[in-house]
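Residue-level listing of the chains:
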Amino acid sequence: MTTNPFGRMVTAMVTPMHEDGSLDFDGLQKLATHLADNGHDGLVVNGTTGESATTTDQENFDTVRAVVEAVGDRVKVTAGVGTNDTAHSVFAASEMVKVGATGVLIVTPYYNKPTQDGIVEHFRRVSAATGLPAMAYDIPGRTGTALASDTIRRLAEIPEVKAVKDAKGDVFAAAELMAETGLLWYSGDDPMNLAWLAHGAVGVVSVVGHVAGPQYAQMIDAVDSGDLGRAREIYTKLIPLVDVLMHTSQGAIMAKAAMKELGVIGSDFIRLPLLPASDEHRAKLRTALNQSGVM
């Protein structure tokens, strides 16, 4: 795959934990190594799937440090630094440089619903704190505020902002922006991965990639080579898996359950207010893993 600041087959990693809720750093490094061995050229650490809403700053810094130590010579390590407090995000971003992150993921500030001007200034200050390549994360379903097209045009003028992770889903507007701005575009919603790649996205930032990294890497290559039939074949084979991970419960919950089911991590403990997968959902997961040829 063509190299870029973030990789192309990227998974937003879960954060393994012990049954008492403490971080499992051995499990974290084992998981990062497993992903690097299975199709990935990039990882996002401390994103939504990594439970960033309930981990501390120090835990986040230690997590990135551990992943860089395990696989930083093999994959790009992008650290989630987004909060709804600009000063907090600036601090987090500057610390991520010290622990070896090669890029940062900045989500649109949530809950306080800033103006579009405020969003631009937030991204400007946080990205400038690192000098690292920054990926803007547009996910209005969680943040309550979408990035307007004109805002993305303004973000493209910020030197550090190189990419957009799109979980908004307006592929036509994004196609216009890709052509106009040159920003690298990533699918941030696994059901839309093939659609995004067909519209010009360079890669995916995935949850399902925990269990389908090689397949998604092949799908990216197939689209690049013009073999849309092969890409559709891969996408279709993975439909049961995408459905169970993304639509049964919640992505972080089901990704942890899948990693435990496959023996990659020892526990699928997840911090409240999230709860581990139910027995019913685990049974559906096992069925989907078999249907998609993963297990």
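Residues numbered from 1 in each chain as written. Predicted model: local features only at pLDDT ≥ 70, side-chain atom pairs only at ≥ 80, totals over all residues. Heavy atoms only, no water.

Spelled out, the test is: UniProt positions are given in the numbering used here, feature names are shortened, and annotations may be inferred rather than shown by experiment.
Under an unreviewed UniProt entry, the name given to the protein chain is 4-hydroxy-tetrahydrodipicolinate synthase, and the organism recorded is Leekyejoonella antrihumi. What UniProt states about the protein chain under its Catalytic activity (unreviewed entry) heading is, verbatim, "L-aspartate 4-semialdehyde + pyruvate = (2S,4S)-4-hydroxy-2,3,4,5-tetrahydrodipicolinate + H2O + H(+)". Looking at the Subcellular location (unreviewed entry) heading of the UniProt record, one finds this comment for the protein chain: "Cytoplasm".

### Considering the packing of helix 1 (residues 25-37) against helix 2 (residues 57-71)
We apply this condition: Working convention: axes come from line fits to C-alpha atoms, limited for helices to the stretch in contact. Angles between N-to-C directions cover 0 to 180 degrees. Strands are runs of DSSP state E lasting at least 2 residues, helices are runs of H or I lasting at least 4, and numbering of each runs from the N terminus. Oblique is the label for every angle not falling under 35 degrees (roughly parallel), over 145 degrees (roughly antiparallel), or within 65 to 115 degrees (roughly perpendicular). Left-handed describes a crossing whose near helix is turned anticlockwise from the far helix by less than a right angle; the clockwise case is right-handed. Contact definition: two residues touch when any of their heavy atoms are within 4.5 Å. Three classes are used, and their members are as follows: Ala, Val, Leu, Ile, Met, Phe, Trp, Tyr, Cys and Pro are nonpolar, Asp, Glu, Lys and Arg are charged, and the others, Gly among them, are polar.
Helix 2 packs onto helix 1 with a crossing angle of 45 degrees between their chain directions and a minimal axis gap of 9 Å. It follows from the interaxial angle that helix 1 and helix 2 lie oblique. When the axes of helix 1 and helix 2 are compared, the crossing they make is right-handed. When helix 1 is examined against helix 2, the residues Phe25, Leu28, Gln29, Ala32, Thr33 and Ala36 are found in contact with a partner set consisting of Asp62, Thr63, Ala66, Val67, Glu69, Ala70 and Val71. Tallied by class, residues from the contact of helix 1 with helix 2 come to 8 nonpolar, 3 polar and 2 charged.

### Remarks on helix 7 (residues 171-181)
Stated precisely, the cut-off is as follows: Only protein chains enter the accessibility calculation, which uses a 1.4 Å probe; a residue is then buried when its area is under 20% of its type maximum, exposed when over 50%, and partly exposed in between. To obtain the arc, one takes the directions from the helix axis to the C-beta atoms.
Turning to helix 7, its buried residues are Val171, Ala173, Ala174, Leu177 and Met178. Projected down its long axis, helix 7 shows its buried positions confined to an angular sector of 155 degrees, all on one face. Within helix 7, the exposed residues directed more than 90 degrees away from the buried face are Phe172, Ala179 and Glu180. Packed against the buried residues of helix 7 are helix 6 (149-155), strand 6 (161-166), strand 7 (184-187) and helix 8 (193-198). Glycine 182 sits one or two positions beyond helix 7 and adopts a positive phi of about 80 degrees.

### What about the side chain of lysine 165?
Note the following rule: Charge counting treats Lys and Arg as positive and Asp and Glu as negative, with His and both chain ends excluded. Counted as salt bridges are all cases of a side-chain nitrogen of Lys or Arg within 4 Å of a carboxyl oxygen of Asp or Glu. Each polar contact in these results corresponds to two N or O atoms within 3.5 Å; when the atoms are within protein, one needs to be able to donate a hydrogen and the other to accept it, and residues that are neighboring in sequence are counted only if both atoms are side-chain atoms.
Structurally, lysine 165 is set in strand 6. For the buried lysine 165, no salt bridge exists, and the shortest N-O distance to an oppositely charged side chain is 8.4 Å, to aspartate 190. At 3.4 Å, the side chain of lysine 165 forms a polar contact with the side chain of tyrosine 137. In this structure lysine 165 touches Leu105, Met135, Ala136, Tyr137, Asp138, Tyr186, Gly188 and Val205, once residues within four positions along its chain are discounted.

### Things to note about the UniProt feature "binding site: pyruvate" (unreviewed entry) in the protein chain
Within this structure's numbering, the places UniProt gives as "binding site: pyruvate" (unreviewed entry) are Thr49 and Val205. A maximum C-alpha distance of 10.8 Å is found for the annotated residues, which run over 157 residues; spatially they form one tight group. For threonine 49, the residues in contact, after removing those within four places along its chain, are Ala12, Met13, Val14, Thr15, Val207, His210 and Ala252. By secondary structure assignment, the location of valine 205 is in strand 8 (residues 203-206). Here valine 205 is in contact with Val10, Ala12, Val44, Met135, Lys165, Tyr186, Ser187 and Gly188, once residues within four sequence places are set aside.

### Description of the pairing of strand 3 (residues 76-80)
Basically, it comes down to this: Think of it this way: DSSP has to see at least two bridges between two strands before they count as a pair. Looking down the strands as they point away from you, a crossover is right-handed if its path from the first strand over the helix to the second goes clockwise.
In terms of burial, strand 3 is a largely internal element, 4 of the 5 residues being buried. Pairing of strand 2 (residues 42-45) with strand 3, which is carried by 4 bridges, proceeds in the parallel orientation. Following the sheet pairing, glycine 42 is matched in strand 3 by lysine 76. You can see the chain leave strand 2, run along helix 2 and come back into strand 3, and the turn it takes is right-handed. Following the chain from strand 3 across helix 3 (residues 86-98) to the adjacent parallel strand 4 (residues 103-107), one finds a crossover that is right-handed.

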